[in-house]
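# Architecture and fold: a report
These are the residues of each chain, in order.
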Amino acid sequence: MSTVSSVAPRSGRTTELVLVLGAVGIVGLAYVNLGLATTGTVPPGLAALGLGYLGVSLAFHVVLRWRAKYADPLLLPIVTLLNGLGLVMIHRVDIARGRDIADGVALRQLMWSALAVAIAAAVLVVLRDHRILRRYTYVAGVAGFSLLLLPLLPVIGTSEFGSRIWIRLGPFSFQPGEIAKISLAVFFAGYLVQTRDALSVAGRKILGLTLPRARDLGPILIAWLASLSVLVFERDLGSSLLFFGLFVAMLYVATERVSWIAIGLGLFGAGAYVAYLAFAHVQVRVLLWLHTFSPEALQTSDQLAKGLMGMAAGGMVGTGLGRGRPDLTYLAESDFIISSFGEELGLVGLFAILVLYALLVERGLRTSLGTRDGFGKLLAAGLSFSLALQCFVVVGGVTRVIPLTGLTAPFLSSGGSSLLANWTLLAILLRISDHARRPLPDESAQSAVGEARTEVVKLS
Amino acid sequence: MNAPVRRLSFLVAGLFAALLVSTTLIQYVFAADLNGRPDNRRTLLATYARERGEILVGQTPIAKSVPTDDEFKFQRTYDDADLFAHVTGFYSFYGAVGGLEQSENELLSGSSDKLFYRRISDLFTGRRPQGATVETTLDAAVQKAASDGIGDARGAAVALDPKTGAILALVSHPSFDPNTLAGHDLGKVDANYQSLLKADGRPLVDRAIAGDLYPPGSVFKVVTAAAALTSGKYTADSELPGGASLDLPLTDTDLPNHGNVPCSPSGRITLKQALVVSCNPAFGEAGMEIGADALREQAAKFGFGDALTVPMRVTPSSVPAEMNEPQLAQASIGQYDVRVTPMQMAMVAAGIANKGVVMKPYLVQSVIGSDLSVIESADPTELSEAVTPEVAATLTDMMIGVVQEGSGTRAQIQGVSVAGKTGTAEHGTGRRAHAWFISFAPADDPKIAVAVVVEDGGTANSETGGGAVAAPIAKAMMEARLSE
C-alpha cells in the first residue's frame, strides 16, 4: 500500500541539467587537452563548438522538461558524454591522419549528431505515448526484416570490409541494420505481448526442463533462419548475434521460460557451427579471432593485431589524448574506436566508457522494471539489452572475446545511421521511462515497483 | 515479467564483466608481450623517437642521430660509412643489425639497466631521454691504411694493441654503406638490403671476425713453432728435414715445399731458418714429432676455440679434433681443416709481441652518458699465457728474421724492427691462394700487432702471395700507428 504524500514527486530534471553541464564540461576539457597535446594551443573553435554542443544538449533537455518531465535523468547526460567523447576521438584521428577539419570525419559526425538529436527530440514530441507503437507491430516487423535483408539486394547493397551490411543510394550510404534493431524490438514486443500466454504453455518435460509445445516453435525458427541468413549471406556475425540474441532475450522476458534460452542458444550454436564448417569466410573470421598473431592470420588481415597493439601501447593510464598513434590502427574512428580510446585514455579510460555503457543499459532495464504495461516493459528491456549486446559484440570483437565483426560502438563510432538509430532508441527509452516514473493520478493503483522510486543521487 | 528482466540484468553485468576482463588482459597483463612484438610499429617509432647515442672513433662520430621532420624524429647517419660499416652495423626497420649498433644497442638506445637512475631523473626533470655515447678503441689512421691497402680486393685486416688488447683496426672488404639501410623509406631500405644480401662478395659479412673462416696457411707455422719450442724438444737451432718434400706415413702423397724446391741445399734446416723461408717439410716433421694434442693445446692457448665477444661475437677458430699423421703434418703448416678468423691470427701476433700473454681484444674504450658521466670503461684483461716469455723472445727473433731476410721483406720499416710471418693458404685446387701476413712492431716494444688476409691474393704453390700482397698492407698499418 502506498502512503499519501504531500510532497511533489521529484522529476530529476535539475539533476539532469547539472549532469549534462558536467558532461559537456568533460567533453570541452578533452577537446582543449587534445589541442594542447597536438598543437600546443587551445583550439580556436573551442568557444563556438563548446557552446554549440552545450546548446544542442540543453535544447534536448528543454524538450524533456516540456514533453517528458519524469523521464530518467541519467540517460541524457550519459549519452551526451559518450557522443561528445566520440566526437573528440574522431577529431583526434582526423588530426593524426592529417585531415583538414573541413574534409575531416569529425565535422560530418558533428552534423549527424545535431540531426540525430533533432530527430530524437521530434520523436519525443510526436510520440506522446509509447503504446502507440504497438499499433504498428506488424508494420515494424515487416520493416525490420526488410531493412535487415536490404543489403542483399543487388544494386544498392554493398560490401565493405567483407561484410555486406551497407546500402548505398547515390552519395548516401548507411547500415540499415541499425534501424532494423529498433523496428524489430518494437515488433518483438508487440508480437510477444500478444502471444506470450500461448508461448508459455508448458509442453513436454525433458531432463527437468519444461519445453514449449512443438507447434509454438515457429517464431523462434523463423528468427533463427533470418539471423543465420544474415550470418551467411551478409557475412556479419555481429548483426546476426544481435538480432537473434535480442529475440531470445525478449522471448524469455515475455514467457519467463528458461527453456527458450536453452533452445535459442542450442539453435544458434548449431547454426554457427554448421556455418563454420560450410563457409570459408566464417572460417577466416574464426582464424583471425583465435590465432590473431599467426602468420596465416596476419597475411589475411592484421587489423585486429594492429588494434590490440594500440591498446597495449596505452597500458594502464594511456598515452594521453593526442599523444598516441591511433592512425596506425585501421578504422580507428569507427569499428576500432574502442582501441583508440584504449590507447590514448588507457585501461582506466576504457573502464570509464564501459561503465558509462553499463549504466546506460542498467537505467534502461530499470525503466523496464518500473513500467506498468507489458508492451513497454518488453520494449524497454529489448532496447536496453540490444545496446548491451551491441557493446559486447563491438568491444568483445576488438578484444578477442568473440570474432571481430563490423558493428559500431553506440554513440561513439563515426557513422550517421548508427547515431540516428541510437538517439532514436534513446528517445523511445526516455518516453517509456517518463511513463514509468510519472506519478499515478490514482494513488491507490500505484504498484509496489512504481513506488520504489528510482534514486539517482541519494539525498539522505 | 519483472523476474526475467532482473535476471537479464545479471546477464548484462556478466557481459560487461567479460569486457572488463578482456581489456585488462590486453592492456595490463599481456601489454608487455604485445609491445615487445618485433612487428609492433608503435614500439619501433618510440625507439626511433629517442635520440640514440653516438659511436666515436677518437672524438669523431662515425654514427650519429640527426633530428628530422618526419614521424621518426631522428635519422641515423654514418660518416665515412664504407670505412666503418662493419664496426657500426646499421640501425634500420630491421632493428639494430650487426656491429656496435647491435651489440651495444641497449646502451646506445638508452634502455640499458645501467642507465636506470638517469631515466628516473629524466622522468622528473622532463629532460628528453637520450642514449649513451660509445667510444671505440679504433685508430682511424690504421683503419684507413688497412682499407686503402685491401682496396677493391676481398679480405680483412685486424690490428690490436698487444699490451692491452684494444682493437685498433677492424676492416672487412667488400664493405657497404649503412646509410642506405638506415633510411625511413621502408620499401627503399628493403630493396637495398635485398640487393646487398645478393651482392657479389657478400658485403654484409664481417670477414674479420665472423666470416666463413679462412685456412691460415703458413702464418700458422708460428703456432707450430711455439708448440715445438714449448715442448722442449726443439730450440731455434734444432735441425729439421729441409728437402723439397717430406715423405708422409700412411699415404702416397708427400708434403711438398712450395714450388717443390728444397728449403736448403743441404736438405737440413734449423727451426729458425725454416720459419724465415717458410719451409713446409720442416714444420710437417715438427708437427708430427710433438703430436696433435700439443699443437691443439698451443692453439687453444692463443685463443682458438674461445667464443669471444669484443663486444660483437667472434667466430671461434679451430684446429681439427681428430687427425692422423699426414693430416697433422698438413695442419702444422696451416692447411687441412685448420680454420681461423683474422682476429685470431692478430691475437697470435699480439700474444708473441706481449711476451707470450694474450690480452682479450675489445672494441669499446668507454661508454659515456649524455650527462658526460662515464658509465663503462675498458679494463684490459689477460686472456691466457700462450707461451713463456723466453719462447716469446725466441719466436720474436725468428719472426724478425722473416722480415729482415725471409719471405716478408716487403714489411720492413726504416729504423724500426718488425717481426712478421707470411702465409699463402690454398683453398681448393686451381684457385688462387689467400695471401696472409701477421706482424708486430717495434719488435722490442710492440705498439701494434696486425693480421691481414687478402682473398685469392696469392699464387697457388708459391709462397710469394703473402709477402707480396699482404705484407705491404700490414706495413702501411704499422707505419700509420708508429708515425703518431
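One structure accompanies this document, and this report is about it. Everything numeric here is computed off the predicted structure, so don't read it as measured data.

This next bit is on the overall build of chain B. Scanning chain B from terminus to terminus reveals 18 helices and 21 strands. Each of the 484 residues in chain B was classed as buried or not, and the buried ones make up 53%. Relative to all contacts within chain B whose residues are 6 or more apart in sequence, the contacts with residues 24 or more apart total 69%.

On the side of chain A, 40 residues touch chain B, which itself brings 28 residues to the contact. Counting only elements with at least two residues in the side of chain B that touches chain A, the list comes to α1 (2–29), α2 (31–35) and α3 (41–49) of chain B. Of the residues in the side of chain B that touches chain A, the class split is 17 nonpolar, eight polar and three charged.

Before going further, it helps to examine helix α13 (residues 280–290) of chain B. With nine of eleven residues buried, α13(B) lies mostly within the body of the structure. Following α13(B) by one or two positions, Gly291(B) adopts a phi angle in the positive range, close to 95 degrees.

We now examine the nonpolar core. Across soluble globular proteins, nonpolar side chains show a tendency to be buried alongside one another. If you look at the biggest cluster of nonpolar residues, it comprises 143 residues, and the most contacted ones within it are Phe188(A), Ala189(A), Leu246(A), Met250(A), Val253(A) and Leu378(A). Broken down by element, the residue count for this core peaks at 16 residues, all from helix α14 (residues 374–398) of chain A. With residues up to four places along the chain from it excluded, the contact list for Met250(A) reads Phe188(A), Ala189(A), Leu192(A), Leu378(A), Ala381(A) and Gly382(A). Judged by nonpolar contacts, the second largest core, of 134 residues, contains Ala226(B), Ala227(B), Met343(B) and Met345(B).

What follows is about the packing of helix α13 (residues 337–370) of chain A against helix α15 (residues 416–437) of chain A. Residues and elements named next belong to chain A. Contact geometry for α13 and α15: axes closest at 9 Å, N-to-C directions at 45 degrees. It follows from the interaxial angle that α13 and α15 lie oblique. Note that α13 runs across α15; the crossing there is left-handed. Contacts between α13 and α15 involve Gly-364, Thr-367 and Gly-370 from the first element and Leu-429, Ile-432, Ser-433, Ala-436 and Arg-437 from the second. A class-by-class count of the residues in the contact of α13 with α15 yields three nonpolar, four polar and one charged.

Moving on to the pairing of strand β2 (residues 60–67) of chain B. All names here are of chain B. Here strand β1 (residues 55–57) pairs with β2 via three bridges, running antiparallel. Directly across from Val-57, in β2, lies its bridge partner Thr-60. Between β1 and β2, which pair antiparallel and follow one another directly, the connecting turn spans two residues, one of which, Gly-58, has a positive phi of 65 degrees. With five bridges joining them, β2 and strand β3 (residues 74–78) adopt antiparallel strand pairing. Paired with Ala-63 across the bridge in β3 is Tyr-78. Hairpin remark: β2 followed by β3, antiparallel, with six residues in the connecting loop; positive phi at Lys-73, about 70 degrees.

Time to look at the sheet that holds strand β16 (residues 364–368) of chain B. Residue and element names in this part refer to chain B. The six strands are arranged β3-β2-β1-β6-β16-β17 in an open sheet whose pairing can be described as mixed. Each edge of the sheet is formed by a strand with only one pairing partner; in this case those strands are β3 and β17 (374–377). For this sheet the average axis-to-axis angle between neighbouring strands, irrespective of direction, equals 20 degrees. Lying on the sheet, helix α4 (residues 81–88) is in contact with β1, β2, β3 and β6 (133–136); it crosses β2 at an angle near 85 degrees.

This next bit is on the sheet that holds strand β21 (residues 448–454) of chain B. Residues and elements named next belong to chain B. Strands sit in the order β8-β7-β21-β20-β19 across an open sheet of five strands; the sheet is antiparallel. Both outer strands of the open sheet, β8 (167–173) and β19 (419–425), are each paired with one neighbouring strand and no more. Across the sheet, the mean angle from the axis of one strand to that of its neighbour is 5 degrees, orientation sign disregarded. Alignment of β19 against strand β20 (residues 434–441), held across seven bridges, turns out to be antiparallel. Residue pairing for β20: Ala-425 is matched across the bridge by His-434. Across the sheet, helix α8 (residues 140–150) is in contact with β7 (155–160), β8 and β21; its angle to β8 comes to roughly 25 degrees.

Let us look at the environment of Ser340(A). Residue and element names in this part refer to chain A. Note that Ser-340 resides in helix α13. Counting along the chain gives 247 residues from Ser-340 to Val-93, while the straight-line C-alpha distance between them is 8.4 Å. Contacts of Ser-340, omitting those with residues within four sequence positions, involve Met-89, Val-93, Gly-310, Pro-326, Thr-329 and Ala-332.

Bringing helix α4 (residues 105–126) of chain A into the picture now. All names here are of chain A. In this model, α4 (22 residues) spans 31 Å end to end at C-alpha, consistent with the 32 Å of a helix rising 1.5 Å per residue. Within the span of α4, buried status applies to Ala-106, Gln-109, Ser-113, Ala-116, Val-117, Ala-120, Ala-121 and Leu-124. Taken down its axis, α4 places every buried residue within 135 degrees of arc, on the same side. Every exposed residue of α4 that faces more than 90 degrees away from the buried side is listed here: Met-111 and Val-126. Packed against the buried residues of α4 are α2 (46–67), α3 (75–96) and α15.

How each quantity is defined
Residues numbered from 1 in each chain as written. Chains lettered and ligands numbered in written order. Predicted model: local features only at pLDDT ≥ 70, side-chain atom pairs only at ≥ 80, totals over all residues. Helix = DSSP H or I, 4+ residues; strand = E, 2+ residues; numbered from the N terminus. Buried ≥ 20, exposed ≤ 12 C-beta atoms within 10 Å, placed from the backbone. Contact = placed C-beta atoms within 7 Å. Nonpolar A, V, L, I, M, F, W, Y, C, P; charged D, E, K, R; others polar. Core = buried A, V, L, I, M, F, W, Y, C linked by C-beta atoms within 7 Å. Axes fitted to C-alpha atoms, helices over the stretch in contact; angles between N-to-C directions. Parallel < 35°, antiparallel > 145°, perpendicular 65-115°, else oblique. Left-handed = near helix turned anticlockwise from the far one by under 90°. Pairing = 2+ DSSP bridges. Expected span 1.5 Å × (residues − 1). Arc of directions from axis to C-beta.

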